[in-house]
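Structural features, examined
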Amino acid sequence: MRINRTLRLGIGVIAVALAATACGGGSGSETASTADHVKEGKLTIGIKFDQPGLGFRDKDGAYQGYDVEIAKYVAGKLGVQSDKITFKEAPSAQRETMIMNGEVDFIVASYSITDGRKEKVDFAGPYFVAGQALLVKKENTEITGVESLVGNKKLCSVKGSTPAQNVKDNYAKDVKLVEVDNYSQCIEALRSGSVDAVTTDDIILAGYAGQASGELKLVGNTFTVEKYGIGLKKGDQETRAKINDAIEAMFADGSWQKAFEATIGPLRDSTLTPPAVDRY
Ligand code: GLU
């Protein structure tokens, strides 16, 4: 009797576990394609949550920034309204995995198009061109640009990002790289004095500098070219072509310029020319 009950319970547990696996987390949506999601009128889009002016979740849970505007416009062109978008945080080091696992339909998160990443995901765009730069405290006079990256200075960047890789590849013997999960942690480290500078794309740093009311400053010129793309599942040619169409429409109808000016634009003096979309 006892044994039987235990056995029955055991079988019950296994059956429940199998049923849960078969469901793949509820709706089966993780295996559905972006085209299926569009048909259902919804999309899950990866953005940053902590990059002011670019991808930012405010204290009321609202999403703001240039990347958010790009995401909404593209979704709209695909036929999905803004209120049917689920935004998911996509930290730099997790972006390829999130796309490959089907956790998101696509990612608009200061995401540079690189050959290495293209082995795992595809990119629409570029929709913007940024460049690696340096952010320091306003009183710092020692670091004036990339040429100051000597003397074992402590530099903060984010795991899985192109700027961190660039430091490892080219400045490893001259500086000490501190790697964290997101850029707001780097900003805290800079403010507390545990690092000398933060390095990533100029447009990201401009967002933090803008928030810091003069406490932090960008120094020197940019020293890489970061073409921002919209990352999506490798091989999904159909969605990529549609997103490329949407990006070009955004350039053409003035929404791209407007989105920039309404978000990060005022924080970054730049001449704004839309990049050529690469339909590789
Ligand atoms: N654009 C760079 C990259 O994709 C740095 C910004 C970021 O980490 O989001 O790695």
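In this report, the structure presented in the accompanying data block is examined.

The rules behind each value
- Residues numbered from 1 in each chain as written.
- Predicted model: local features only at pLDDT ≥ 70, side-chain atom pairs only at ≥ 80, totals over all residues.
- Heavy atoms only, no water.
- Helix = DSSP H or I, 4+ residues; strand = E, 2+ residues; numbered from the N terminus.
- Buried < 20%, exposed > 50% of the residue type's maximum accessible area, 1.4 Å probe, protein only.
- Areas by Shrake-Rupley, 256 points an atom, 1.4 Å probe, with all protein chains shown as cover.
- Core = buried A, V, L, I, M, F, W, Y, C linked by side-chain atoms within 4.5 Å.
- Salt bridge = Lys/Arg side-chain N within 4 Å of Asp/Glu carboxyl O.
- Near = heavy atom within 4 Å.
- Polar contact = N/O pair within 3.5 Å; in protein donor to acceptor, adjacent residues only side chain to side chain.
- Nonpolar A, V, L, I, M, F, W, Y, C, P; charged D, E, K, R; others polar.
- Pairing = 2+ DSSP bridges.
- Axes fitted to C-alpha atoms, helices over the stretch in contact; angles between N-to-C directions.
- Contact = heavy atoms within 4.5 Å.

Okay, the overall build of the protein next. For the protein, the helix and strand inventory stands at ten helices and 13 strands. Across the 280 residues that make up the protein, the buried fraction comes to 46%. About 13,700 Å² of surface is accessible on the protein, with carbon and sulfur atoms providing 52% of the total.

A separate point is helix 8 (residues 202-211). Within helix 8, eight of the ten residues are buried, which leaves it mostly tucked inside the rest of the structure. Among all positions of helix 8, only Asp202, Ile203, Ile204, Leu205, Ala206, Gly207, Tyr208 and Ala209 are buried. Serine 213 occupies a position one or two residues after helix 8 and carries a positive phi of about 35 degrees.

Ile45, Tyr66, Phe106, Tyr127, Ile203 and Ile230 are the most contacted members of the largest nonpolar core, which has 54 residues in total. No other element matches the eight residues that helix 3 (residues 66-78) contributes to this core. The next biggest cluster of nonpolar side chains, apart from the first, holds twelve residues, and it includes Ile143, Val175, Ala197 and Val219.

In total, this model carries eleven salt bridges according to the counting rule given. Here glutamate 215 and lysine 138 are joined by a salt bridge, their closest N and O atoms 3.7 Å apart. A residue pair is termed long-range when its members are at least 10 positions apart, and glutamate 215 in the loop between helix 8 and strand 12 (216-219) and lysine 138 in the loop between strand 8 (132-137) and strand 9 (153-158) qualify at 77 residues. With a closest N to O distance of 3.7 Å, lysine 173 and aspartate 174 form a salt bridge. It is possible to trace a salt-bridge network through shared partners that takes in Asp245, Glu248 and Arg279.

To continue, consider the site of the ligand. Not every one of the 17 residues close to the ligand is listed here, only the nearest: Lys48, Ser92, Ser112, Tyr183 and Asp201. Within the side chain of serine 112, an N or O atom sits 2.7 Å from a nitrogen atom of the ligand. With respect to the ligand, the side chain of tyrosine 183 contributes an N or O atom lying 2.7 Å from an oxygen atom. Compared with its free state, where it exposes 280 Å², the ligand has 100% of that area covered by protein. Of all the secondary structure elements, the ones that give two or more residues to the shell around the ligand are helix 6 (162-170), strand 11 (197-201) and strand 13 (226-233). Its residues assigned to classes, the shell around the ligand shows six nonpolar, six polar and five charged.

Taken together, three strands build an open sheet; the order of strands is 2-3-4 and the sheet is antiparallel. Here the strands that pair on one side only, and so sit at the sheet edges, are strand 2 (50-51) and strand 4 (63-64).

As a further point, take the sheet that holds strand 12. Spatially, 10-9-11-8-12 is the arrangement adopted by the five strands of the open sheet, whose pairing is mixed. In the strand order of this sheet, the two ends are held by strand 10 (175-180) and strand 12, each with one partner. Taking each pair of neighbouring strands and ignoring which way they run, the sheet shows an average axis angle of 35 degrees. The sheet strands contacting helix 7 (residues 183-192) are strand 8, strand 9, strand 10, strand 11 and strand 12, and the helix crosses strand 11 at an angle near 155 degrees. Helix 8 contacts strand 8, strand 11 and strand 12 of the sheet and is inclined by roughly 130 degrees relative to strand 11.

Within strand 8, five of the six residues are buried, which leaves the element mostly enclosed by the surrounding structure. Taken together, the four bridges between strand 8 and strand 11 define a ladder with antiparallel strand orientation. Its bridge partner being in strand 11, leucine 134 is matched across the sheet by threonine 199. Here strand 8 pairs with strand 12 via four bridges, running antiparallel. Considered in strand 12, the bridge of leucine 134 is made with valine 219.

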